[in-house]
Amino acid sequence: MNIVVCIKQVPDTTDVKINPETNTLIREGVASIINPFDAYALEEAVRLKEKFGGTVSVMSMGPPQAEASLRDAVALGADDAYLLSDRAFAGSDTLATSYTLAAGVRKLGGVDVILMGRQAIDGDTGQTGPSTAENLGCPQLTDIRKIESVEADGSIVLQRVLEEGYVRIKVKPPVVITVVKEINEPRLPSLRGKMNAKKKEIVTWTAADLEVDSKRLGLTGSPTQVVKIFTPPKPSGGTIFEGSVTENVKDLIAELKAAGVILGAGKGE
Amino acid sequence: MSSSIKVILDKCIGCGLCVRACPFAAVTLVDKKAVINENCTFCGACVDACKKYQAIVITRLTFEAHDLSAYKGIAVFAEHRNGKLASVVPEIIGAGMSLKASLNVPLTAVLVGANVKPIAGELLEYGVDEVWMRDDQAIGDFAEDVQTDVVYRILREKKPEIFLGGGTIMGRSLLPRVASRTRTGLTADCTELEIDPDTRFLKQTRPAFGGNIMATILCQNHRPQMATVRHKVMKAAPKTGNKGGKIVDMNHIPVPEPGYEVLEFVEEKSDTVNIVEADFIVSGGRGVKDPKNFALLQELAREIGAALGASRAAVDSGWIPYSHQVGQTGKTVNPKIYIACGISGAIQHLAGMKSSDIIIAINSDRTAPIFDVAHFGIVGDLFEVVPEIIKRIKG
Ligand SMILES: Cc1cc2nc3c(=O)[nH]c(=O)nc-3n(C[C@H](O)[C@H](O)[C@H](O)COP(=O)(O)OP(=O)(O)OC[C@H]3O[C@@H](n4cnc5c(N)ncnc54)[C@H](O)[C@@H]3O)c2cc1C
Ligand SMILES: Nc1ncnc2c1ncn2[C@@H]1O[C@H](COP(=O)(O)O)[C@@H](O)[C@H]1O
């Protein structure tokens, strides 16, 4: 089974702080990591390979420094790494990103499964997976929490999370699968993996290497434009009770009542 | 030729305002002049910051404009399963109503499925002007790919200028695919929608970076303008009865073969309500200290009819299943009341619950960041405070 995992390099948001003067994110010194959901996708790919053979390739579209995340992915068990990097890709929204990723997957060829994260933690859109599937002309199954089995004919049986339960689905590759955290517990990089990562050649493809229409790339190929970025208004400090337990609870319930809320009134609804 | 951003060196005084304004760390100062690197997404924050000197210029080369005048009206995706409308649908209809008031166009629901006529009737009661309905035995509830194709064809024929769906698991999978096939833009998980009355553009505002920043997004040259809408943010349309709305049969739209086989649906009834839907949530973190102690939170939850939530620390400790996790890598919730017990309020946790109507925090550490977002907070030991609350409620 040949698998491509699409990984995105994102800022490690534990470190993200807001500059109180300018109200913007402080990004200096913020480490970059593999998007956490993509780490689960990668782990699942490596497990599938261990069971069924084949190769695991990782692919990322991004600036040259995204190479570091691809190396991390090699350390975690990916066989090959591909970086789609070109000034022409800058400013891509999810439509242009998925068009570009799909072109990369097509160039790679012979891919059975494309694994992706449920969403990226910087953009939080979750649109790239379905949109990549559309560009590849194959089905997508999002929010997968378990790959149950791979049948003799190559069909994959998996579980898709829904709001009120889950559905079991059988699908024939090629297919795009996006995963939720529940699917596995990612491993730590092995020593051998780390050694591999150091010397691995990261293949870089520019727009010229892909079969793409330049009008559909980057900002030019992005129908959505961010016209404004702002920080959400800060909450204006609440009422904090610091007295004795009984007082605190009494005061809280009185304040809630004043705000029109009676705890317990909604019981049994 | 692609879009470009340029610093006019003569005008740049090296003040660094742009560096600080950039959310993507794409601007640096080199020899007291702004230099823009690959991180740039052309968002324009630096251009705004440099209003005074006008030293940064963006040339946006976007999609060629299409004939947009052919597109009229607002449509919403009427997601449903097992004969029941998804609870987000009245909310999107509510959002659609206010947009309709600004645009003065009809509001329509797109409904595809098997035996969906009763649902069409319900949609009319919510006050939509039309229901574009494709009712066919072959359209399964879980055959999202089939529904995608039918929805795409309906939109292609009917040409609404705006198409909205719920930010549900299905909505966030079906709409991207429809948008991609149509080659139009889609904005995920919006919390605010507004019409620019001059241009008729839909101003779509959404949180990004785990809620740390808000972004307003436009789709100027493509139609429909598409968005998914976050659950429990928009005010639901009330059921006021059908006031002359009508069902339009779209039976000529072909139903394709499904691309995969749905084996079974397994309903998961937990003893707690689905936290995404819940109006009240009692949530526990590392401060709960032991899985057994969740019984105390469970008791409070029962008293107020709440669902049980948790921080990642509690989930990672194995005290409660992942399905209860609130936050950036868990669920985004939007209840009327969120009671955080022994949760410090890390930014990733806040990302999932910050927009709750009322946040009540119980924490022994007065400096815990959860108190910065709490509307009400009690500084104290949750093992004393929670039983006291239960006692009071029980009266
Ligand atoms: C990429 C990424 C994604 C993440 N996603 C999520 C996510 O989705 N959701 C999430 O929750 N976290 C997430 N986290 C983790 C997050 O950063 C925090 O580690 C986590 O939220 C902390 O959980 P906590 O508040 O329960 O624990 P702690 O931070 O340990 O806080 C425990 C709190 O309990 C208080 N306390 C202790 N004893 C008592 C007592 N007896 N009475 C009252 N108060 C008491 C303490 O004062 C303290 O404030 C993520 C992290 C990363 C890096
Ligand atoms: N630039 C990118 N390069 C590689 N994969 C990406 C990129 N952007 C998004 N993805 C993949 O798409 C998923 C969803 O991202 P998003 O739609 O941005 O929330 C991520 O979890 C990744 O698997």
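Procedures and definitions
Residues numbered from 1 in each chain as written. Chains lettered and ligands numbered in written order. Predicted model: local features only at pLDDT ≥ 70, side-chain atom pairs only at ≥ 80, totals over all residues. Heavy atoms only, no water. Helix = DSSP H or I, 4+ residues; strand = E, 2+ residues; numbered from the N terminus. Buried < 20%, exposed > 50% of the residue type's maximum accessible area, 1.4 Å probe, protein only. Contact = heavy atoms within 4.5 Å. Lys, Arg positive; Asp, Glu negative; His and termini not counted. Charge placed at Lys NZ, Arg CZ, Asp CG, Glu CD. 1 Å grid on protein atoms, 1.4 Å probe; cavity = no way out; pocket = protein on both sides within 12 Å on 5 of 7 lines; lining within 4 Å. Points joined across faces, edges and corners; volume = space filled by probe spheres on them. Phe/Tyr/Trp six-rings, centres within 6.5 Å; stacked < 30°, edge-to-face > 60°. Buried area = accessible area lost by both parts, 1.4 Å probe. Salt bridge = Lys/Arg side-chain N within 4 Å of Asp/Glu carboxyl O. Polar contact = N/O pair within 3.5 Å; in protein donor to acceptor, adjacent residues only side chain to side chain. Nonpolar A, V, L, I, M, F, W, Y, C, P; charged D, E, K, R; others polar. Pairing = 2+ DSSP bridges. Near = heavy atom within 4 Å. Areas by Shrake-Rupley, 256 points an atom, 1.4 Å probe, with all protein chains shown as cover. Domains from an automatic or database assignment. Core = buried A, V, L, I, M, F, W, Y, C linked by side-chain atoms within 4.5 Å. Axes fitted to C-alpha atoms, helices over the stretch in contact; angles between N-to-C directions.

1. Remarks on the overall build of chain A
(1) Moving on: Scanning chain A from N- to C-terminus turns up six helices and 15 strands.
(2) Moving on: Among the 269 residues that make up chain A, the fraction classed as buried is 54%.
(3) Moving on: Considering only contacts in chain A between residues 6 or more positions apart, those separated by 24 or more positions represent 68%.
(4) Moving on: Averaging the coordinates of the 31 positive side-chain charges in chain A and doing the same for the 35 negative ones gives two points 3 Å apart.

2. Focus: empty space enclosed by the protein
Residues and elements named next belong to chain B.
(1) Moving on: One pass over the full model with this rule turns up six cavities of 30 Å³ or more.
(2) Moving on: Approximately 80 Å³ is the volume attributed to the largest cavity.
(3) Moving on: Lining of the largest cavity is provided by 14 residues; of these, Cys-22, Cys-40, Phe-42, Cys-43 and Cys-46 occupy positions nearest its centre.

3. Things to note about the packing of aromatic side chains
(1) Moving on: This structure, assessed with the given rule, holds two aromatic pairs over all chains.
(2) Moving on: Look at Tyr-82 of chain A and Trp-205 of chain A: their rings are 4.9 Å apart centre to centre, the planes differ by 40°, and that puts the pair in the tilted class. Of this pair, Tyr-82 of chain A sits in strand S7 (residues 80-84) while Trp-205 of chain A is found in strand S13 (residues 203-205), placing the two residues 123 residues apart along the sequence. As far as the burial class goes, Tyr-82 of chain A and Trp-205 of chain A line up, both buried.
(3) Moving on: Between Phe-142 of chain B and Phe-265 of chain B, the ring centres sit 5.0 Å apart and the planes meet at 25°, which makes this aromatic pair stacked. Of the two residues, Phe-142 of chain B sits in the loop between strand S9 (130-135) and helix H5 (144-158) while Phe-265 of chain B sits in strand S17 (residues 260-267), which places them 123 residues apart along the sequence.
(4) Moving on: Relative accessible area serves as the criterion here: at 15%, Phe-142 of chain B is assigned to the buried category.
(5) Moving on: Given the relative accessible area of 23%, Phe-265 of chain B is considered partly exposed.

4. As for the interface of chain B and chain A
(1) Moving on: Between chain B and chain A, the contact holds 100 residues from the first and 90 residues from the second.
(2) Moving on: Both faces considered, chain B and chain A share a buried interface measuring about 8900 Å² in area, 58% of it formed by carbon and sulfur atoms.
(3) Moving on: At the junction of chain B with chain A, the criterion picks out seven salt bridges.
(4) Moving on: Between chain B and chain A we count 33 residue pairs in polar contact (both at pLDDT 80 or more) in total.
(5) Moving on: Counting residues per element, the side of chain B that touches chain A draws most heavily on S17 of chain B, at eight residues.
(6) Moving on: Considering only residue class, the side of chain B that touches chain A consists of 48 nonpolar, 28 polar and 24 charged.
(7) Moving on: Two elements, strand S11 (residues 165-171) of chain A and S17 of chain B, share seven bridges in a ladder whose sense is antiparallel. Across the sheet, the residue bridging to Ile-169 of chain A is Val-262 of chain B, located in S17 of chain B.

5. A look at the site of ligand 2
Residues and elements named next belong to chain A.
(1) Moving on: Taken together, 18 residues surround ligand 2, and among them Cys-6, Asp-38, Ala-120, Gly-126 and Thr-128 come closest.
(2) Moving on: Here an oxygen atom of ligand 2 and a side-chain polar atom of Thr-125 are 2.8 Å apart.
(3) Moving on: Residue Gln-127 places a main-chain N or O atom 3.0 Å away from an oxygen atom belonging to ligand 2.
(4) Moving on: For ligand 2, whose unbound accessible area comes to 480 Å², protein coverage reaches 97%.
(5) Moving on: Residue assignment for the shell around ligand 2 shows that the elements contributing at least two residues are strand S6 (56-61), helix H3 (94-108) and strand S8 (113-117).
(6) Moving on: Split by residue class, the shell around ligand 2 holds seven nonpolar, nine polar and two charged.

6. Some thoughts on the domain arrangement of chain B
Residues and elements named next belong to chain B.
(1) Moving on: According to the domain assignment, chain B consists of domain 1 (4-59), domain 2 (68-249) and domain 3 (280-394).
(2) Moving on: Of note, the centres of domain 2 and domain 3, computed from C-alpha atoms alone, are 33 Å apart.
(3) Moving on: Buried area between domain 2 and domain 3, summed over both chains or domains, comes out near 510 Å², and the portion from carbon and sulfur atoms is 42%.
(4) Moving on: Among the residues of domain 2 in contact with domain 3, Gly-210, Arg-230 and Lys-232 are the three that bury the most area, contributing 65% of the side total.
(5) Moving on: Counting across the domain 2 and domain 3 interface gives zero salt bridges.

7. Things to note about the nonpolar core
(1) Moving on: Grouped together as the largest cluster of nonpolar side chains are 44 residues, with contacts concentrated most on Val-5, Leu-42, Val-58, Leu-115 and Ile-177 of chain A.
(2) Moving on: For this core, the element with the highest residue contribution is helix H1 (residues 36-52) of chain A, accounting for six residues.
(3) Moving on: Residues in contact with Leu-115 of chain A, not counting those within four places in the same chain, are Ile-3, Val-4, Val-5, Cys-6, Ala-41, Glu-44, Ala-45, Leu-48, Ile-177 and Val-179 of chain A.
(4) Moving on: Counting residues in hydrophobic clusters, the runner-up holds 36 residues, among them Leu-263 of chain A together with Trp-319, Ile-337 and Ile-390 of chain B.

8. Overview of the pattern of salt bridges
Residue and element names in this part refer to chain B.
(1) Moving on: Tallied over the full model, the rule gives 37 salt bridges over all chains.
(2) Moving on: Measuring nitrogen to oxygen at the nearest pair gives 2.6 Å for the salt bridge that ties Asp-129 to Lys-100. Highlighted residues: Asp-129 in the loop between helix H4 (117-125) and S9 and Lys-100 in helix H3 (residues 89-103), separated in sequence by 29 residues.
(3) Moving on: The closest approach of N and O atoms between Lys-246 and Glu-130, which form a salt bridge, is 3.0 Å.

9. Thoughts on the sheet that holds S8 of chain A
(1) Moving on: One open sheet accounts for ten strands, arranged S13(A)-S7(A)-S6(A)-S1(A)-S8(A)-S12(A)-S9(A)-S10(A)-S11(A)-S17(B); its pairing is mixed. The outermost strands of the open sheet, each flanked by one partner alone, are S13 of chain A together with S17 of chain B. This sheet shows a mean twist of 30° between the axes of neighbouring strands, independent of strand direction.
(2) Moving on: By the bridge criterion, five bridges tie S6 of chain A to S7 of chain A in an arrangement that is parallel. Within S7 of chain A, the position partnered with Val-58 of chain A by the bridge is Ala-81 of chain A.

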